Amino acid sequence: MEDYRRYLDPKTLNKVAGLELKARLIVEGFVAGRHQSPLKGSSVEFREHREYVPGDDTRFLDWKVYAKTDRFYIKEYEEETSLKAYMVVDTSHSMSFASGDNVSKLEYAKFVAASLTHLISQQQDAAALVLWDHELKKFLPPGNNPLHIRDIYRSLSEVKAQGKTDIGALLADVAERLRQRSLIILLSDLFDDDGGLDRGLKYVRHKGHDVICFHTLDPAELTFPFDRMTRFEGLEVEDRLLADPKALKEAYLEELEAFIQNARSACMANKMDYVQLDTSAPLDIALSSYLAARAGAH
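Conventions used here
- Residues numbered from 1 in each chain as written.
- Predicted model: local features only at pLDDT ≥ 70, side-chain atom pairs only at ≥ 80, totals over all residues.
- Heavy atoms only, no water.
- Helix = DSSP H or I, 4+ residues; strand = E, 2+ residues; numbered from the N terminus.
- Expected span 1.5 Å × (residues − 1).
- Buried < 20%, exposed > 50% of the residue type's maximum accessible area, 1.4 Å probe, protein only.
- Contact = heavy atoms within 4.5 Å.
- Polar contact = N/O pair within 3.5 Å; in protein donor to acceptor, adjacent residues only side chain to side chain.
- Core = buried A, V, L, I, M, F, W, Y, C linked by side-chain atoms within 4.5 Å.
- Pairing = 2+ DSSP bridges.
- Axes fitted to C-alpha atoms, helices over the stretch in contact; angles between N-to-C directions.

Right, let's get into helix α4 (residues 146–158). Between its terminal C-alpha atoms α4 stretches 18 Å, which fits the 18 Å expected from 13 residues at 1.5 Å a residue. Those residues of α4 lying buried are H148, I149, I152, Y153, S155, L156 and S157. In this fold, the buried residues of α4 make contact with β3 (84–90), α3 (105–122), β4 (126–132) and β5 (136–143). Of the residues flanking the start of α4, the one acting as N-cap is N145, its side-chain oxygen 3.0 Å from the backbone nitrogen of L147.

This is how it looks when you write it as structure tokens:
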């Protein structure tokens, strides 16, 4: 069995099998009947050519281009594809943190991204992948043929946590790359400079995209369970601190609550979903509960 298959947990996939991931906003390019589209009329507008990959619908091959170049190209139209959903996964060093027997925040995010990619592809919608730390590391454009989906799974399985985070710049970069209004699924612990997330979300909203923010945190970050002298080390900075955690706990939890509230408020102010994920929680329950609630809100 290939390594990436471990991110496709059968229990989780079975839980979400009967659910759909829809966009709250009216976005371009949705398939008629499944999603509401702002594009009027029955005609479609040619947008561009792209190179053929196995699994593409051969009805859209441009034989005139093939006659001239001896290479296969697909004609893409504005309404050819369905919902475009971008899995935007934070791979910065802080995402490597894990306490006890829990998987790291990055591993948990990989499970979420793989499960949602599977769900989106089963809906005949198009999935894309963005991996980043302080800069863009990988960008796989939207697609739904089997080879493309497999590339997403493989890219998720291979990436390691490293580097610092710059969420604001990342969201602005992604928003600039998207030709059509799309669904952006952000998976991150959101540890960044003050204001970076808010600036990024405002820019994404300005561009008309829908966003789901999965705030991925370890239970030790949420509860600060340390009870003996501990040396704390920064994952994205060089700071080290030897301290009695009992003296820090109250102030830490107050800061954490303010941090979470700021992130939630930034999402709400931009009419985006905020979902907190605890890496000790069973993913099948957390994901299916959110998807059911989102579907019920339509």
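Once that is clear, we can look at unusual backbone geometry. One non-glycine residue with positive phi stands out, namely L190, at about 65°. You can see L190 is positioned in the loop between β6 (183–188) and α6 (196–206). A relative accessible area of 4% places L190 in the buried class. Of note, K271 is a non-glycine position whose phi angle comes to about 55°, a positive value. With respect to the element layout, K271 can be found in the loop between α8 (245–269) and β10 (273–278). A relative accessible area of 67% means that K271 is categorised as exposed.

Tracing the chain through its elements places D189 in the loop between β6 and α6. The buried category is assigned to D189, whose relative accessible area is 0%. Among the polar contacts listed, one links the side chain of D189 to the side chain of K105, at a separation of 2.9 Å. Discounting residues that sit within four places of it in the chain, D189 has contacts with D90, S94, M95, K105, H215, T216, L217 and F259.

In this section: the side chain of E221. Assignment of secondary structure puts E221 in helix α7 (residues 219–223). By relative accessible area, which is 11% here, E221 ends up buried. There is a polar contact of 2.9 Å between the side chain of E221 and the backbone nitrogen of D218. Residues contacting E221, with those up to four places away along its chain left out, are F97, K105, F191, Y252 and L256.

Moving on, we get to the nonpolar core. Counting 41 residues, the largest nonpolar core has L21, V89, V112, L116, I185 and F214 as the members making the most contacts within it. Once you skip the residues sitting within four places of it in the chain, L21 turns out to touch L83, L116, L119, I120, Q123, L183, I185, I212, L291 and R294. In this structure, I167, L186, C213 and C267 belong to the second largest nonpolar core, which totals 28 residues.

Note that A109 resides in helix α3. On the basis of relative accessibility, which here comes to 0%, the residue A109 falls in the buried class. Note: C-alpha distance between A109 and F214 (105 residues apart in sequence) is 8.5 Å. Those residues in contact with A109 that lie beyond four places of it in its chain are V89, M95 and L187.

Below, the discussion takes up the sheet that holds β6. Here six strands make up an open sheet; going across it, the order is β5-β4-β3-β6-β7-β10 and the pairing mixed. Edge positions in the sheet fall to β5 and β10, since each has one partner strand and no second. Within this sheet the neighbouring strands show an average axis-to-axis angle of 15°, counted without direction. Bridge analysis of β3 against β6 gives five bridges, and the strand direction is parallel. Counted as the bridge partner of Y86 is I184 from β6.

Turning to the pairing of strand β7 (residues 210–217), a few remarks are in order. β7 sits mainly inside the fold: eight of its eight residues count as buried. Alternating positions in β7 separate into two faces, D210, I212, F214 and T216 on one and V211, C213, H215 and L217 on the other, with burial throughout. Two elements, β6 and β7, share six bridges in a ladder whose sense is parallel. Residue I184 lies in a different strand from β7, and its bridge partner there is V211. Pairing of β7 with β10, which is carried by six bridges, proceeds in the parallel orientation. Its bridge partner lying in β10, C213 is registered against Y274.

Any link to function would need more than the numbers given here.
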